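Working through the structure, step by step
Residue strings, one per chain:
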Number of protein chains: 2
Amino acid sequence: MAKRRDFLLGAAATAAAAAVLRPSKGKAQTKREEMIALKEGFVGQYQGGVYLLPATDETVQWGWFNNAETPRARIKSGDTIILETMMASQNQVLPGVSIEEITRLRVDNPGRGPHTITGPVFIEGAEPGDVLKVKINRIVPRTYGCNWNLPGELGLGQFPKLFPEPQAKYFYLDMARGKTEFLPGIELPVRPFPGILGVARAESGQYSTVPPGPFGGNMDCREMVEGTTVYLPVFVEGALLWSGDSHAVQGNGEINLTAVESAFNELNLTVEVIKKKPLSWPRIESDTHWMTVGYDRDMNKAIRIMEEETIKFLAEWKGLNSSDARRYMATYGDIRVAEVVNQLKGVYCMLSKTDGPAMAALPMKDTRTDFVTHAVNADAMEAMNQAALTLVNRIKDEKRLTALDAYSLASLALDARIGRMEAGAYHIHCLMPKSTWVS
Amino acid sequence: MAKRRDFLLGAAATAAAAAVLRPSKGKAQTKREEMIALKEGFVGQYQGGVYLLPATDETVQWGWFNNAETPRARIKSGDTIILETMMASQNQVLPGVSIEEITRLRVDNPGRGPHTITGPVFIEGAEPGDVLKVKINRIVPRTYGCNWNLPGELGLGQFPKLFPEPQAKYFYLDMARGKTEFLPGIELPVRPFPGILGVARAESGQYSTVPPGPFGGNMDCREMVEGTTVYLPVFVEGALLWSGDSHAVQGNGEINLTAVESAFNELNLTVEVIKKKPLSWPRIESDTHWMTVGYDRDMNKAIRIMEEETIKFLAEWKGLNSSDARRYMATYGDIRVAEVVNQLKGVYCMLSKTDGPAMAALPMKDTRTDFVTHAVNADAMEAMNQAALTLVNRIKDEKRLTALDAYSLASLALDARIGRMEAGAYHIHCLMPKSTWVS
């Protein structure tokens, strides 16, 4: 590859010239030079090992993961790539588009997800059994996004029967203030993160982008903001990295099915291959925390997966045996709900990198800073439903919101935590920051 | 309009609902709800009088101004509107696209400009004889842009015969640093501004976006950055505001025909109507300066227009008579070249808002901070050509750049000023900041 790099560091580093120098070897599926260049990994490289992958109809896929997709960029371990992403349904959910149209886009496209993913990016040297370390250097969203509630008869979102009326709400993302206005007097912090960041499955074929899995994908974990690093197991040669479902604001649970669904002008990633490292589920690292995850159709099982992942991680990190790790997790683990609406429900455990006091007991009622609801049930999902719904109804009544707006606001601002895990009794605590109301 | 506003301030302010409440009255040209909503000016309004106008194939035009275009948004004096813009040739000039393809896009579309403009925006109450005051609150460019040189046989750019080889260079715009790398060791500050900001002409019909005029348009004045206010004369009811040709980096003169041609994710404008104010050419106001402009096919005449505009402005601002105004301009005016490649050549005069010392004489040779070339001629264009070309050749030789890169770099970083204006002798001083070379 030395020649290619030397060439591109030179003065006339045009993709066209690159394509001429290294004509496509496979059967030509396109005659467009930029697509040939794309396949060769030359897309918009600029001096210094930074690749640009703009989102175009030819660099995105709507709603499907497929490990047979031709790589749209090809990078080496340690390179930085800047992905652009599109709005949902291949950029059709734009300000002004009605909920009827959004519904039609969903109904007319059965099977596939609403998300649009940019990629895949082929990382040279990545092989099954390796780990992809993806550092999120920077995220710049578009200036707008949308939260919507589909008609109840589609049975999507967490409470379709209770909130059957459709609604789409568009938001201006004021990035100078890092805020968006939900309604006059109600503001939400903008914390952009990729709802989907994932690699190819081992299995061939076409898979909906909706369910997350060991490959990452639609994790909807709102901790994956700028500055975070995500570790993903590699299942195919080149790993094949995608991102999409670009979220600007999301609550834990994402209960009405959507976040503030936006697109990223810049998702700036540095990608490294860690050779021969076994990893069963993604891990997330922030400046302050390590995070383990668990996803399953059964939320109780998702919690068990997360527990097993945490025990494995604590063995590696702290050298703890299984029972010490369980004790550590119970004492220090900050366990939260990622989402409950992607077929598989997701939870994650945050572990502080620095030694500190044990986690305080989670609140059962309002605090100075938060509205709080609490429920306990042998089925974690039932407890979550009850606590979340109580909170939605409380803010509806106490803050005089419409039912749909209360549901929408909870989807964007709920903080859902998992408290004590006694045998057969999951405690869910739903918090809503009082600072959401600014006047 | 009170009802509409009240409604939109309510909880369920969806464009769909708005369209239902106020069905389109004209003949339906589209059945798409969002387009009907668009025509009603309801596009993505959010609470608080902020409008969003995303750039889609239905909200942009490629290369033509036409005052018969249906408004894509409708706002009131004092409203804020956020325009998105596209890359050149309706978003086809993306990283990886070859110069051959860029050339084809130009050759296959004779007559129209390469620019893509978003709009028009109808401003309620604006009438011929009024002035539109457009405050540029914020500009957020895409993360990339392109500077290109078309083949010499097209006769475009300032020196097509001297630099006949085509080239496209793509740039990553590192907005965290506010820089882009031209080549290793050569960095340019990113200062985004709309190359095109303008209103409709009085005359009906289709006009290329290339030539600027009293309506503004393709002014390519690199002072029109975030924080600046542009005053445009109104020629038709509603004014009809457009923007496009979104520049990330541009030198005075724009000599190879292009800037770093990008697109804006956010062009955040507050638009006010000033009633019954005569204005013959646009004016520009920054925190520190007032600016007058002049554009003409003949650069000498462009300078005369700018002088007349400055005299008019000084009469209004300082109450000066014509001869005092000329003296003031000669003493305090900082006169620069906007562009020389848009059929009409443009110049502008910067006048400090605060009293200060007289303008120092412009340098004739290198200073501590700048490479400098100088030429004098009875024809300002000839003087500009000579000074600019000398500078291009100097940096080519002294900095060992290819001819095409030297030409490109001058198009992006040249600082071209007009010095003493003796009878029949225009002095042009071309400066290139030494800080462009960072290592």
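Cut-offs and rules
Residues numbered from 1 in each chain as written. Chains lettered and ligands numbered in written order. Predicted model: local features only at pLDDT ≥ 70, side-chain atom pairs only at ≥ 80, totals over all residues. Heavy atoms only, no water. Helix = DSSP H or I, 4+ residues; strand = E, 2+ residues; numbered from the N terminus. Buried < 20%, exposed > 50% of the residue type's maximum accessible area, 1.4 Å probe, protein only. Contact = heavy atoms within 4.5 Å. Areas by Shrake-Rupley, 256 points an atom, 1.4 Å probe, with all protein chains shown as cover. Pairing = 2+ DSSP bridges. Axes fitted to C-alpha atoms, helices over the stretch in contact; angles between N-to-C directions. Phe/Tyr/Trp six-rings, centres within 6.5 Å; stacked < 30°, edge-to-face > 60°. Lys NZ or Arg CZ within 6 Å of the ring centre and 35° of its normal. Parallel < 35°, antiparallel > 145°, perpendicular 65-115°, else oblique. Nonpolar A, V, L, I, M, F, W, Y, C, P; charged D, E, K, R; others polar. Polar contact = N/O pair within 3.5 Å; in protein donor to acceptor, adjacent residues only side chain to side chain. Salt bridge = Lys/Arg side-chain N within 4 Å of Asp/Glu carboxyl O. Expected span 1.5 Å × (residues − 1).

The name given to chain A in an unreviewed UniProt entry is Acetamidase/formamidase family protein, with Synechococcus elongatus PCC 11801 as the source organism.

Side note on the overall build of chain A
Broken down by element type, chain A carries nine helices and 25 strands. Scored against the burial criterion, the 439 residues of chain A give a buried share of 65%. By sequence separation, contacts in chain A at least 24 residues apart represent 76% of the contacts at least 6 residues apart. Put simply, chain A shows about 15,900 Å² of open surface, and 52% of that area lies on carbon and sulfur atoms.

Examining the sheet that holds strand β7 (residues 131-141) of chain A
To summarise the sheet geometry, strands pair through backbone hydrogen bonds and adopt either a parallel or an antiparallel arrangement. Residues and elements named next belong to chain A. Here we have 12 strands laid out as an open sheet, ordered β1-β5-β18-β7-β15-β19-β20-β22-β21-β24-β25-β23, and mixed in their pairing. Of all the strands in the sheet, just β1 (50-53) and β23 (370-377) have a single pairing partner and so form its edges. Looking at each pair of strands side by side, their axes are set apart by 25 degrees on average, direction ignored. Bridging between β7 and strand β18 (residues 264-274) involves 10 bridges; their strand directions are antiparallel.

A short note on the packing of aromatic side chains
By the definition in use, this model includes 22 aromatic pairs over all chains. Each ring, one from A:Phe65 and one from A:Trp242, has its centre 5.2 Å from the other, and the planes form 70 degrees; the classification is edge-to-face. One end of the pair, A:Phe65, is in strand β3 (residues 64-66); the other, A:Trp242, is in strand β16 (residues 241-249), with 177 residues separating them in the sequence. Across the pair, exposure class does not vary: A:Phe65 and A:Trp242 are buried alike. Note on B:Phe163 and B:Tyr407: the rings are 4.1 Å apart at their centroids and 15 degrees apart in plane angle, and the pair reads as stacked. Taken together, the residues span a long stretch of sequence, with B:Phe163 in the loop between β8 (144-149) and β9 (167-174) and B:Tyr407 in helix α9 (residues 403-413) at a distance of 244 residues. For the pair formed by B:Phe163 and B:Tyr407, the shared burial category is buried. These aromatic residues form a ring-pair network of at least three members: A:Tyr231, A:Trp290, A:Phe313 and A:Trp317. Positioned above the aromatic ring of A:Trp62 is the side chain of A:Arg112, whose terminal nitrogen or guanidinium carbon lies 3.8 Å from the ring centre.

Thoughts on the sheet that holds strand β1 (residues 50-53) of chain B
All names here are of chain B. Spatial ordering of the open sheet is given by β1-β5-β18-β7-β15-β19-β20-β22-β21-β24-β25-β23, a layout of 12 strands whose pairing is mixed. Each edge of the open sheet is held by one strand with a lone partner, namely β1 and β23 (370-377). Recorded for the sheet is a direction-independent mean angle of 25 degrees between the axes of neighbouring strands. In the packing of helix α8 (residues 380-398) onto the sheet, contacts are made with β21 (334-342), β22 (344-352), β23, β24 (415-422) and β25 (425-433), and the angle to β23 comes to roughly 150 degrees. Docked against the sheet, α9 engages β24 and β25, running at close to 100 degrees with respect to β25.

What about unusual backbone geometry?
Note that the residue after A:Gly119, namely A:Pro120, is joined by a cis bond; omega there is 0 degrees. A positive phi angle is found at A:Asn91, which is not glycine, with a value near 75 degrees. By secondary structure assignment, the location of A:Asn91 is in helix α4 (residues 88-91). Taking the relative accessible area as the measure of exposure, A:Asn91 reaches 23% and is therefore partly exposed. For B:Leu240, which is not a glycine, the phi torsion comes out positive at approximately 60 degrees. Among the structural elements, B:Leu240 can be located in the loop between β15 (229-233) and β16 (241-249). Taking the relative accessible area as the measure of exposure, B:Leu240 reaches 4% and is therefore buried.

Comments concerning the packing of helix α6 (residues 299-318) of chain A against helix α7 (residues 322-332) of chain A
All names here are of chain A. Contact pair α6 / α7: the axes reach a minimum separation of 9 Å and the direction vectors enclose 110 degrees. Classified by the angle their axes make, α6 and α7 are roughly perpendicular. On α7, the residues that touch Met306, Glu307, Thr310, Ile311, Leu314, Trp317 and Lys318 of α6 are Ser322, Ala325, Arg326, Tyr328 and Met329. Here the residues of the contact of α6 with α7 are counted per class, giving seven nonpolar, two polar and three charged.

A closer look at the environment of A:Asp397
Residue and element names in this part refer to chain A. Looking at the secondary structure, you find Asp397 in helix α8 (residues 380-398). Classification of Asp397 by relative accessible area gives exposed; the value is 52%. A polar contact is formed between the side chain of Asp397 and the side chain of Lys396, at a distance of 3.2 Å.

Comments concerning the pattern of salt bridges
On inspection of all chains with the given rule, the structure shows 46 salt bridges over all chains. For A:Lys169, the salt bridge goes to A:Asp405, with nearest N and O atoms at 3.0 Å. Taken together, the positions of A:Lys169 in strand β9 (residues 167-174) and A:Asp405 in helix α9 (residues 403-413) put the pair 236 residues apart, joining distant regions of the chain. The partner of B:Asp296 in a salt bridge is B:Lys301, with the nearest N and O atoms 3.7 Å apart. Beyond isolated ion pairs, a larger network of salt bridges with shared partners links A:Glu101, A:Arg104 and A:Asp108.

Structural notes on helix α6 (residues 299-318) of chain B
All names here are of chain B. If you check α6, its first and last C-alpha atoms are 27 Å apart, about what 20 residues at 1.5 Å a residue would give, namely 28 Å. Those residues of α6 lying buried are Met299, Asn300, Ala302, Ile303, Ile305, Met306, Glu307, Glu309, Thr310, Ile311, Phe313 and Leu314. A side-chain oxygen of the first residue of α6 lies 2.8 Å from the backbone nitrogen of Asn300; this N-cap is Asp298. In the segment just after α6, Gly319 is the residue with positive phi, at about 70 degrees.

Let's talk about α9(B)
Buried residues dominate α9(B), accounting for 10 of its 11 residues. Buried residues of α9(B): B:Leu404, B:Asp405, B:Ala406, B:Tyr407, B:Ser408, B:Leu409, B:Ala410, B:Ser411, B:Leu412 and B:Ala413, and no others.

Considering the environment of B:Glu254
All names here are of chain B. With respect to the element layout, Glu254 can be found in the loop between β16 and β17 (260-262). Residue class for Glu254 comes out buried when judged on its relative accessible area of 1%. The spatial distance from the C-alpha of Glu254 to the C-alpha of Ala410 is 7.8 Å, given a sequence separation of 156 residues. Each residue touching Glu254, except ones within four places of it in the same chain, is listed here: Asp220, His247, Ala259, Glu261, Ala338, Glu339, Val341, Asn342 and Ser411. Among the polar contacts made by the side chain of Glu254, one reaches the main-chain amide nitrogen of Ala259 at a distance of 3.2 Å.

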